[in-house]
Amino acid sequence: MKNNWSNTKAIKYIKHYEKLGHSKDMALRVYTTRLLGRNPELVLHGGGNTSVKTTVRDVDGKNYKVLCVKGSGWDMAEIEPAGLPAVKLEPLLAFKNKKYLSDEDMVAYQKKNLIDIKSPNPSVETFLHAFLPFKFVDHTHSDAIMNVTNRPNGVKFCKKIFGKKVSIVPYVMPGFGLAKKIQEVYSKNPNINCLILLNHGIFTFADDAKTSYNLMIKYDNNNIFAKILRSEIPCEKIYEDEFVLSFYDVKPQKKIHALVIPKGKYVNLDHFTNDASDEEIVALIKGINTVAKKLGISIDVGGGYRTLSNIGSDGGQEVPHLHFHLFGGEKVGKMIEKND
Ligand code: AMP
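Residues numbered from 1 in each chain as written. Predicted model: local features only at pLDDT ≥ 70, side-chain atom pairs only at ≥ 80, totals over all residues.

1. Remarks on the overall build of the chain
Looking only at helices and strands, one finds 13 helices and 12 strands in the chain. The dimensions of the chain, computed from C-alpha atoms along their principal axes, are 80 × 50 × 30 Å. With 340 residues in all, the chain has 37% of them scored as buried. Once local pairs closer than 6 in sequence are excluded, the contacts in the chain between residues at least 24 apart make up 64%. (Helix = DSSP H or I, 4+ residues; strand = E, 2+ residues; numbered from the N terminus. Buried ≥ 20, exposed ≤ 12 C-beta atoms within 10 Å, placed from the backbone. Contact = placed C-beta atoms within 7 Å.)

Listed below in structure tokens is the structure:
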């Protein structure tokens, strides 16, 4: 997905909302909420919400820790600070050990703890946002995520394609029960930065607005290798196992030019190293060797080969899904051409 974050725009938002008496936290919350809301791939089915944990001064002159969370009736694409009502955070957190809260009691309690009682009703996912201990929490009903989770083997498939920083959560109706479920999942795995809720959507979280937004749009589901993995476009397959796919490059640079990719949604080697499970990492490295053997270019069966992975813009990466090139079948020459 295209990353629309701009430092210049972020600064503009901060300055604009500062003049109107709002904090930097609120300005950036408005900015990335609009970025998410204006992306049809994320909010096509409507819904989604965001929040920021910050401090506000009430009319009593006291500063309160609050959760500013999207209110009902507001569109993320056009959100303003008024659409992110401030709810006192401590009373919300005081319910962390509560086992059950009816929908009516939840709505009333959330309203009761609003800083400004004239605000719109805070989202039904308010407790969920409060229980995640991060400043920024983003939630969308991403098309791509729905597509992946709404299938018979959704859980199995998700476990395979999302790395160790992501937890998969079974479907629970939005409300206090879902907030409790998320609290349980998070406490078991506090290293995660993303939650995939089956048949519902995705939550990302971080202590800064940009990171949480980046996590949401990290992986472009429409990149060419994602389409190959979903069998939407053909490839000349060489090898496949649970974690790895290998196929010939369409524009071979050497006599033999193969590509080896992980099945998981990893943009590049850095992303993979940080987020993939050990099982996925081992499978990819072994996969390269298996493919080289199959192609008759590995040292034990052939004359050797070169493997290469381009990372990011300086690395010359064109397709934003991690891939290793395998070149062989002839002398592949110097690794980097000399300038003179
Ligand atoms: P990179 O510049 O490292 O991102 O390499 C991307 C590689 O993907 C290039 O060598 C392309 O020729 C190759 N490629 C692009 N589209 C396809 C495709 N549909 N099937 C196989 N290889 C492809």
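2. Considerations on the domain arrangement of the chain
By domain assignment, the chain separates into domain 1 (7–217) and domain 2 (224–328). Each of domain 1 and domain 2 has a C-alpha centre, and the two are 36 Å apart. The interface is formed by 6 residues belonging to domain 1 together with 7 residues belonging to domain 2. Among the residues forming the side of domain 1 that touches domain 2, the class breakdown is 2 nonpolar, 1 polar and 3 charged. (Domains from an automatic or database assignment. Nonpolar A, V, L, I, M, F, W, Y, C, P; charged D, E, K, R; others polar.)

3. Focus on the pairing of strand E1 (residues 49–57)
Bridging between E1 and strand E4 (residues 136–140) involves 4 bridges; their strand directions are antiparallel. Its bridge partner being in E4, threonine 50 is matched across the sheet by aspartate 138. Examined bridge by bridge, E1 and strand E2 (residues 63–69) share 7 bridges and lie antiparallel to one another. Bridge pairing in E2 places valine 56 opposite tyrosine 64. Between the antiparallel neighbours E1 and E2 lie 5 residues, among them glycine 61 with a positive phi of about 85°. (Pairing = 2+ DSSP bridges.)

4. Let's talk about the site of the ligand
In the vicinity of the ligand, the contacting residues are Ile224, Cys235, Phe247, Asp249, Val250, Lys251, Leu259, Asn310, Gly316, Gln317, Glu318 and Val319. Among the residues making up the shell around the ligand, the classes are represented as 6 nonpolar, 3 polar and 3 charged. (Near = placed C-beta within 6 Å.)

5. Some remarks on the sheet that holds strand E3 (residues 86–88)
Here we have 7 strands laid out as an open sheet, ordered E3-E2-E1-E4-E7-E6-E5, and mixed in their pairing. Lying at the two open borders of the sheet, with one neighbouring strand each, are E3 and strand E5 (166–169). Each neighbouring strand pair of the sheet contributes to a mean axis angle of 25°, computed without reference to strand direction. In this fold helix H9 (residues 176–188) packs onto E5 and strand E6 (194–197), with an angle of close to 140° to the strand it touches most, E5. (Axes fitted to C-alpha atoms, helices over the stretch in contact; angles between N-to-C directions.)

6. A short note on the nonpolar core
Side chains of nonpolar character tend, in soluble globular proteins, to be buried together. Ranked by internal contacts, the top residues of the largest apolar core, which has 50 residues, are Cys68, Leu195 and Ile196. A total of 7 residues in this core trace back to one element, the largest contributor, which is helix H2 (residues 24–37). The residues contacting leucine 195, other than those within four sequence positions of it, are Ser167, Val169, Ile182, Val185, Ile202 and Phe203. Among the nonpolar cores identified, the runner-up in size contains 26 residues, and Leu259, Tyr266, Leu284 and Ile288 belong to it. (Core = buried A, V, L, I, M, F, W, Y, C linked by C-beta atoms within 7 Å.)

7. So, the packing of H2 against helix H10 (residues 209–217)
Packed helices, taken two at a time, are described by the angle their axes make and the gap between the axes. At a closest axis distance of 10 Å, the pairing of H2 and H10 adopts a crossing angle of 10°. The angle between H2 and H10 falls in the class roughly parallel. Seen from above, H2 lies across H10 with right-handed handedness. Contact residues: H2 offers Leu28, Arg29, Tyr31, Thr32, Leu35 and Leu36, while H10 offers Ala209, Tyr213 and Met216. Residue composition of the contact of H2 with H10, by class: 7 nonpolar, 1 polar and 1 charged. (Parallel < 35°, antiparallel > 145°, perpendicular 65-115°, else oblique. Left-handed = near helix turned anticlockwise from the far one by under 90°.)

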